[in-house]
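Report on the structure
Here is what each chain is made of, one letter per residue.
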Protein chains: 2
Amino acid sequence: MSGTPRRPGRRPGSADTRGEILTAARRVFAEKGFDKATVRGIAREAQVDPALVHHYFDTKEGMFAAAMQLPITPQEVIPLLLEGPRTEIGERLVGMILRVTASAETRDPMVALIRSAMTNEQVAAMFREFISNALLYQVADRLQVPHLRVEAGFAQMFGVLMARYVLKLEPMASASHEELVKLLGPTLQRYFTGDDPN
Amino acid sequence: MSGTPRRPGRRPGSADTRGEILTAARRVFAEKGFDKATVRGIAREAQVDPALVHHYFDTKEGMFAAAMQLPITPQEVIPLLLEGPRTEIGERLVGMILRVTASAETRDPMVALIRSAMTNEQVAAMFREFISNALLYQVADRLQVPHLRVEAGFAQMFGVLMARYVLKLEPMASASHEELVKLLGPTLQRYFTGDDPN
């Protein structure tokens, strides 16, 4: 497998190669969980050179996001959060989550992943490791906020997305982004900047 | 079916009768949803007199809670919420939800219902109607809080229970009630008493 393509699209079958890597990645992530899966192991499963995997995906996190068709990677979220004034981080985060989940096309794969995590312990473990290690702990450590507070914010937005898109509770399901940012922004702001010791 | 027993336990088979009513209730709730299900329809399905259903269950809400093995009925929750100072309603509500869900025995049937609501649209509709009409709207109207704000509080606690007991995110899963009340109480307090127009 040496001489792997450097430019996708130039070599016939390279689109398939990417797809085969993602299929292998889904299998390996499901089996090993997020933490124990390795680029090398995924390359072996896909029967390609690890360099080819790196060619398509910069990081394991990016590969997980692509394999699960997540609309956004942790590497994209974290800089957005850190950009702009800290005093508006709550509103910024709520707005971003609502925008990213606004279209069914980007939302459905995420909801599908959450559904399987709710009913399958193996998927739950994989999702837990990804959410904790690749997302929440990174955000917490970059912002120097205790993990529990970041998880409280995650829980708020997780609940809102479930109430809005899965349970379809009204008026939550029809509320505008603006209303929700106003209502939920201060909650996340307090978790991320509140100065009580929790 | 006239001459139905007034005192359960006195007539052989009355324990079964209650069980049969609940089985019928589960069937009717699943089929019709919470709103359209009637005590009369459930009695018909169970082939018993409606008076017998009323003998075992005061209300449709109580019957739903029993059928789904929910640990607490809306009729029990609402007075507890209204009792005591309004300025502590957030902490009171968080504490109550954590206590009621603390043991696997009371929690598991609720988690099972949520799991099926997440994956089955018929169960989702039933759950939505019950949660909205029997619980959230009642609380909102009794406390004169906009429905959206009560749903934001529901979403926060729904997310916390899912993160704690289904996804088992750490440190959320191991956090003490005291820590969580301190962290989440002010969020619910703001939703229930905040004076911004949402």
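All of these numbers come straight from a predicted model, not from anything done at the bench.

Rules behind the numbers
- Residues numbered from 1 in each chain as written.
- Chains lettered and ligands numbered in written order.
- Predicted model: local features only at pLDDT ≥ 70, side-chain atom pairs only at ≥ 80, totals over all residues.
- Heavy atoms only, no water.
- 1 Å grid on protein atoms, 1.4 Å probe; cavity = no way out; pocket = protein on both sides within 12 Å on 5 of 7 lines; lining within 4 Å.
- Points joined across faces, edges and corners; volume = space filled by probe spheres on them.
- Helix = DSSP H or I, 4+ residues; strand = E, 2+ residues; numbered from the N terminus.
- Axes fitted to C-alpha atoms, helices over the stretch in contact; angles between N-to-C directions.
- Parallel < 35°, antiparallel > 145°, perpendicular 65-115°, else oblique.
- Left-handed = near helix turned anticlockwise from the far one by under 90°.
- Contact = heavy atoms within 4.5 Å.
- Buried area = accessible area lost by both parts, 1.4 Å probe.
- Salt bridge = Lys/Arg side-chain N within 4 Å of Asp/Glu carboxyl O.
- Polar contact = N/O pair within 3.5 Å; in protein donor to acceptor, adjacent residues only side chain to side chain.
- Phe/Tyr/Trp six-rings, centres within 6.5 Å; stacked < 30°, edge-to-face > 60°.
- Buried < 20%, exposed > 50% of the residue type's maximum accessible area, 1.4 Å probe, protein only.
- Lys NZ or Arg CZ within 6 Å of the ring centre and 35° of its normal.

1. Focus on the layout of surface pockets
- If you add up the space inside the largest pocket, you get close to 170 Å³.
- As for the largest pocket, its lining consists of 15 residues, and the residues nearest its centre are V111(B), R115(B), Y165(B), V166(B) and K168(B).
- For the lining of the largest pocket, the elements supplying multiple residues, two or more each, are α7 (104–119) and α8 (121–143) of chain A together with α7 (104–119) and α9 (147–166) of chain B.
- Per element, the largest residue contribution to the lining of the largest pocket is five residues, and it comes from α7(B).

2. Notes on the packing of helix α6 (residues 89–100) of chain B against helix α10 (residues 177–193) of chain B
Residue and element names in this part refer to chain B.
- Packing of α6 against α10 brings their axes to within 6 Å, and their N-to-C directions diverge by 130 degrees. Relative to α10, the element α6 lies oblique. The way α6 lies across α10 gives a crossing that is right-handed. The segment α6 lies against α10, with I89, G90, E91, L93, V94, G95, L98 and R99 engaging H177, L180, V181, L184, G185, L188, Q189 and F192.

3. Re the interface of chain A and chain B
- Across the boundary between the two partners, chain A contributes 43 residues, which contact 43 residues of chain B.
- For the chain A and chain B pair, buried surface summed over both sides reaches about 3700 Å², with 66% attributable to carbon and sulfur atoms.
- A per-residue breakdown of the area chain A buries against chain B is headed by M118(A), L167(A) and L183(A), which together make up 20% of the total.
- Put simply, chain A and chain B have zero salt bridges between them.
- Counting every contact that joins chain A to chain B gives 20 residue pairs in polar contact (both at pLDDT 80 or more).
- Elements supplying a minimum of two residues to the side of chain A that touches chain B: α7, α8, α9 (147–166) and α10 (177–193) of chain A.

4. A look at the packing of aromatic side chains
Residues and elements named next belong to chain A.
- Scanning all chains against the criterion turns up 14 aromatic pairs over all chains.
- Taken together, a centroid distance of 4.1 Å and an interplanar angle of 25 degrees make the contact between F64 and F130 stacked. Within this pair, whereas F64 is found in helix α4 (residues 60–67), its partner F130 is found in helix α8, the two being separated by 66 residues in sequence. For the residue pair F64 and F130, the accessibility class agrees, reading buried in each case.
- Chaining the aromatic ring pairs together yields one cluster made of F29, F34, F64 and F130.
- For the cation-ring pair, R107 lies above Y165, with the distance from its terminal atom to the ring centre recorded as 3.7 Å.

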